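# Reading the structure
Here are the chains, one letter per residue:
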Amino acid sequence: MGLSNLGIFHTVIGILAIVAALISFINFGKISLSKLSGKIYFYATVVTSLTALGFTKHGAFNPGHIFSLFIVVLVVIAFILHLKKKGNTKVRFFENFLLSFSFFLSLVPTVNETLTRVPLGHPLAKDPTAPIIQQVLLIFFVLFIAGSVFQFIKQRKLNRSLSETN
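How each quantity is defined
Along each chain, residues carry numbers from 1 onward, in the same order as the chain's sequence is written. For a predicted model such as this one, the threshold for reporting local features is a pLDDT of at least 70, and the threshold for listing and counting side-chain atom pairs is 80 or more; totals across whole chains, interfaces and linings nevertheless cover every residue. Note that water and hydrogens are dropped before the side-chain values are worked out from all heavy atoms of the structure. Secondary structure is summarised from DSSP: a helix means a run of H or I of at least four residues, a strand means a run of E of at least two, and numbering begins at the N terminus for each. Pairs of N or O atoms within 3.5 Å make up the polar contacts considered here, provided that, within protein, one atom can donate a hydrogen while the other can accept it, and that residues adjacent in sequence are counted only when both atoms are side-chain atoms. Here a residue-residue contact requires only that any non-hydrogen atoms of the pair lie within 4.5 Å. When a residue's accessible area, from a 1.4 Å probe over protein chains only, is under 20% of the maximum for its type it is buried; when over 50% it is exposed; and in between it is partly exposed. Patch construction takes residues with relative accessible area above 30% that form no salt bridge. Like charges are linked within 9 Å, and nonpolar side chains (Val, Leu, Ile, Met, Phe, Trp, Tyr) are linked within 5 Å. For every accessible area listed, the method is Shrake-Rupley and the probe measures 1.4 Å; residues are considered covered only by the protein chains on display. We define a salt bridge as a side-chain nitrogen of Lys or Arg found within 4 Å of a carboxyl oxygen belonging to Asp or Glu. The length a helix should cover is 1.5 Å for every residue beyond the first.

Next up on the list: the side chain of T51. Looking at the secondary structure, you find T51 in helix α2 (residues 36-52). Here the side chain of T51 touches H10 through a polar contact of 2.8 Å, side chain to side chain. With near-sequence residues (within four places) excluded, T51 lies in contact with L6, F9 and H10.

Moving on, we come to the side chain of N96. Position of N96 among the secondary structure elements: in helix α4 (residues 91-115). For N96, a relative accessible area of 4% gives the class buried. Non-local contacts of N96, meaning those with residues more than four positions away in its chain, are made with K30, Q151 and Q155.

All right, on to a nonpolar patch on the surface then. A cluster of nonpolar side chains, contributed by L138, F141, V142, I145, V149, F152 and I153, occupies part of the molecular surface with about 610 Å² of accessible area. Relative to the elements of secondary structure, V149 occurs in helix α5 (residues 131-165).

Further remarks concern α2. Taking 1.5 Å as the rise per residue, α2 with 17 residues should run 24 Å; its terminal C-alpha atoms sit 24 Å apart, in good agreement. Buried-residue contacts for α2 involve α1 (5-28), α3 (63-84) and α4.

Among the structural elements, I40 can be located in helix α2. Between the C-alpha atoms of I40 and G2, which are 38 residues apart in sequence, the distance is 27 Å. When residues no more than four places from it in sequence are discounted, the contact partners of I40 are L16, A20 and T45.

In structure tokens, the structure reads:
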């Protein structure tokens, strides 16, 4: 497997981001930036994405780097929306979607790297085009779509109930 110190740090922080997101999804039905788990997801995702810029298989800036920067942009925009618009407004729909989308996109390299490395010596996939990687990513995509619909419905109900009380 042979991870560098940067690779180990990147992996540990990335796992922390995934765990924080899952805790937030389970507890709140979304990545909630107002809760500790959401804050951990945000900061750990930014660090993980930025440390990914230190990796290069081809010796130069590559599509993986663009992917990492795109994830940073998504979470930063969500964070700005969170700070600028307090309360449960229409902005929450975008914030929820951007955070969920960033989580899904973070899983793409995670799945690729994990399945092409483990188990050690006999990885489950030879390369990112392997059927098992495509199948796992399809499952995660379906979960992302279902989760986004769930979040939309939940947020719409929350917004309606708050507008009725005001």
